[in-house]
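Close look at the chain arrangement
The chain contents come next:
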There are 2 protein chains.
Amino acid sequence: MTEEKNVQEETLPTEAVTAEAPVDSEPIDIDGDGLETKVAELEESLQASEEKYLRLYAEFENYKKRTRTELETEKTYRSQAVLRDIIPTLDNIERALSQTSADASLTKGVQMVYDNLISALTEHGLEKIEAQDQPFDPNFHQAVMQEKDESKDSGIVLEELQKGYKLKERVLRPSMVKVNE
Amino acid sequence: MTEEKNVQEETLPTEAVTAEAPVDSEPIDIDGDGLETKVAELEESLQASEEKYLRLYAEFENYKKRTRTELETEKTYRSQAVLRDIIPTLDNIERALSQTSADASLTKGVQMVYDNLISALTEHGLEKIEAQDQPFDPNFHQAVMQEKDESKDSGIVLEELQKGYKLKERVLRPSMVKVNE
């Protein structure tokens, strides 16, 4: 028994050894398969990460382009609101100047005010819309009257009833006009 | 020698075998090593890619914050330039109104022009700088004269010589003042 036991004890280590060999190489095999899986997973993750980066990059570029345009537009038309709100003041000064006055000094002063104001506003892009004798353009003119003048072409602005103004291509106020039928 | 050779030859296979075991497992080992290297490389690349993404993300966020601030500032102070350039017109109208005129109608008209203009500009943020009887503030006032008035505190604005204006916290033109010594 002791011998059997001894044999068993002898074989056990042998079994243990043969068992150990596969066990020893098994981690390598498993490692091999595991590593291949890991490589595949990592390659997938890397690709996903690179794609995520490229999407963000594209989004960033679009954002830059959009905000640059927004900021440029904002700067181009920055004076729009204040210019539009000053137009009635121009009307008022013109009305005051259109009346003959006994006070030549005051009239001269008001004329100077008007000239300086127009000059300052022009600096900031204010532009009078051409109307008189121009072909009627619904983008810039508002027809409030019609008349028939045989001596002129049809659709021509016969009279400007109220001045119109624009800032670059934006209309601040259309010209009020009388159009030839 | 032959025995030696034999021994050598005997030992060679043994060596070969012992060498072969590693050789047999070597492709696995090389694969294993190759895969492990590959895994390490991929992990490094993945980390680098993620870090690249995070840097871009942070840059994008900063850019957003910066342009948002820039756009807000631009909008807040959009009227600054045109308001500043209209201030002399206000001076001119005030000067015209300060003179007594024989033409009450024109004077009334000019007063209306002035009121409407001030109202429009105020809508766009124009604000008169308080000066009279205020403590002198070099951020808003420009001292052009000094006087000694014992009845008032030192450093108090005794007289506003020319109106000053601001837009929010930005000075468009400082008040010209006479200060108490």
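It should be emphasised that the depicted structure is a prediction, and the values quoted were computed from it without experimental measurement.

**Considering empty space enclosed by the protein**
By the definition in use, this model includes one cavity of 30 Å³ or more. Together, Ile93(A), Ala96(A), Val110(A), Val113(A), Ile93(B), Val110(B) and Val113(B) line the largest cavity. Counting residues per element, the ones that place at least two in the lining of the largest cavity are helix 2 (80–98) and helix 3 (104–123) of chain A together with helix 3 (104–123) of chain B. Residues belonging to the lining of the largest cavity are distributed by class as follows: seven nonpolar, no polar and no charged.

**Regarding the sheet that holds strand 6 (residues 175–180) of chain B**
Residue and element names in this part refer to chain B. Across the sheet, three strands lie side by side as 2-6-3; this open sheet has mixed pairing. Two strands close off the open sheet at either side, each with one partner strand: strand 2 (141–147) and strand 3 (157–162). The mean angle between the axes of side-by-side strands here comes to 30°, regardless of whether they run parallel or antiparallel. Where strand 3 lies against strand 6, four bridges are found, and the strand directions are antiparallel. Paired with Glu159 across the strands is Lys178, a residue of strand 6.

**As for the relation of the copies chain B and chain A**
Here chain B sits on chain A after a turn of 180° about the axis and a move of 0.1 Å along it, with an RMSD of 0.2 Å. Between the two chains, the operation in question is that of a two-fold axis. Of all interface residues in chain B, 100% are interface residues in chain A too; the two copies therefore contact each other through one and the same surface.

**Topic: the pairing of strand 6 of chain B**
Residues and elements named next belong to chain B. Among the six residues of strand 6, five are classified as buried, and the element is accordingly described as predominantly covered. As judged from the six bridges shared by strand 2 and strand 6, these two strands associate in the parallel manner. For Met145, the partnering residue across the bridge sits in strand 6 and is Lys178.

**Brief notes about the nonpolar core**
If you look at the biggest cluster of nonpolar residues, it comprises 37 residues, and the most contacted ones within it are Ile86(A), Leu121(A), Ile86(B), Ile93(B) and Leu121(B). Listing elements by their share of this core, those giving two or more residues are helix 2, helix 3 and strand 4 (165–167) of chain A together with helix 2 (80–98), helix 3 and strand 4 (165–167) of chain B. For this core, the leading source of residues is helix 2 of chain B, giving eight residues. If we skip the residues at most four places from it in the chain, Leu121(B) touches Val82(A), Ile86(A), Leu83(B), Ile86(B), Leu90(B) and Leu126(B).

**Some remarks on the interface of chain B and chain A**
With 50 residues of chain B at the contact, the number on the chain A side is 51 residues. Between chain B and chain A lies a buried interface of about 4900 Å² when both sides are counted; carbon and sulfur atoms form 71% of it. Between the two partners, chain B and chain A, sit six salt bridges. Note that Glu74(B) and Arg78(A) form a salt bridge whose closest N and O atoms lie 2.9 Å from each other. There are 13 residue pairs in polar contact (both at pLDDT 80 or more) connecting chain B and chain A. For the side of chain B that touches chain A, the secondary-structure elements that each account for two or more residues are helix 1 (2–76), helix 2 and helix 3 of chain B. Among the residues forming the side of chain B that touches chain A, the class breakdown is 25 nonpolar, eleven polar and 14 charged.

**Looking at the sheet that holds strand 3 (residues 157–162) of chain A**
Residues and elements named next belong to chain A. Reading across the sheet, the three strands line up as 2-6-3 and stay open at both edges, with mixed pairing between neighbours. Single-partner strands in this sheet number two, and they are strand 2 (141–147) and strand 3. Shown here is a sheet whose adjacent strand axes are inclined to one another by a mean of 30°, direction ignored.

**A look at the side chain of Glu74(B)**
For Glu74(B), the position within the fold is in helix 1. Residue contacts for Glu74(B): discarding those within four places in its chain leaves Leu71(A), Glu74(A), Lys75(A) and Arg78(A).

What counts as what
- Residues numbered from 1 in each chain as written.
- Chains lettered and ligands numbered in written order.
- Predicted model: local features only at pLDDT ≥ 70, side-chain atom pairs only at ≥ 80, totals over all residues.
- Heavy atoms only, no water.
- 1 Å grid on protein atoms, 1.4 Å probe; cavity = no way out; pocket = protein on both sides within 12 Å on 5 of 7 lines; lining within 4 Å.
- Points joined across faces, edges and corners; volume = space filled by probe spheres on them.
- Helix = DSSP H or I, 4+ residues; strand = E, 2+ residues; numbered from the N terminus.
- Nonpolar A, V, L, I, M, F, W, Y, C, P; charged D, E, K, R; others polar.
- Pairing = 2+ DSSP bridges.
- Axes fitted to C-alpha atoms, helices over the stretch in contact; angles between N-to-C directions.
- Least-squares fit on C-alpha atoms with pLDDT ≥ 70 in both.
- Contact = heavy atoms within 4.5 Å.
- Buried < 20%, exposed > 50% of the residue type's maximum accessible area, 1.4 Å probe, protein only.
- Core = buried A, V, L, I, M, F, W, Y, C linked by side-chain atoms within 4.5 Å.
- Buried area = accessible area lost by both parts, 1.4 Å probe.
- Salt bridge = Lys/Arg side-chain N within 4 Å of Asp/Glu carboxyl O.
- Polar contact = N/O pair within 3.5 Å; in protein donor to acceptor, adjacent residues only side chain to side chain.

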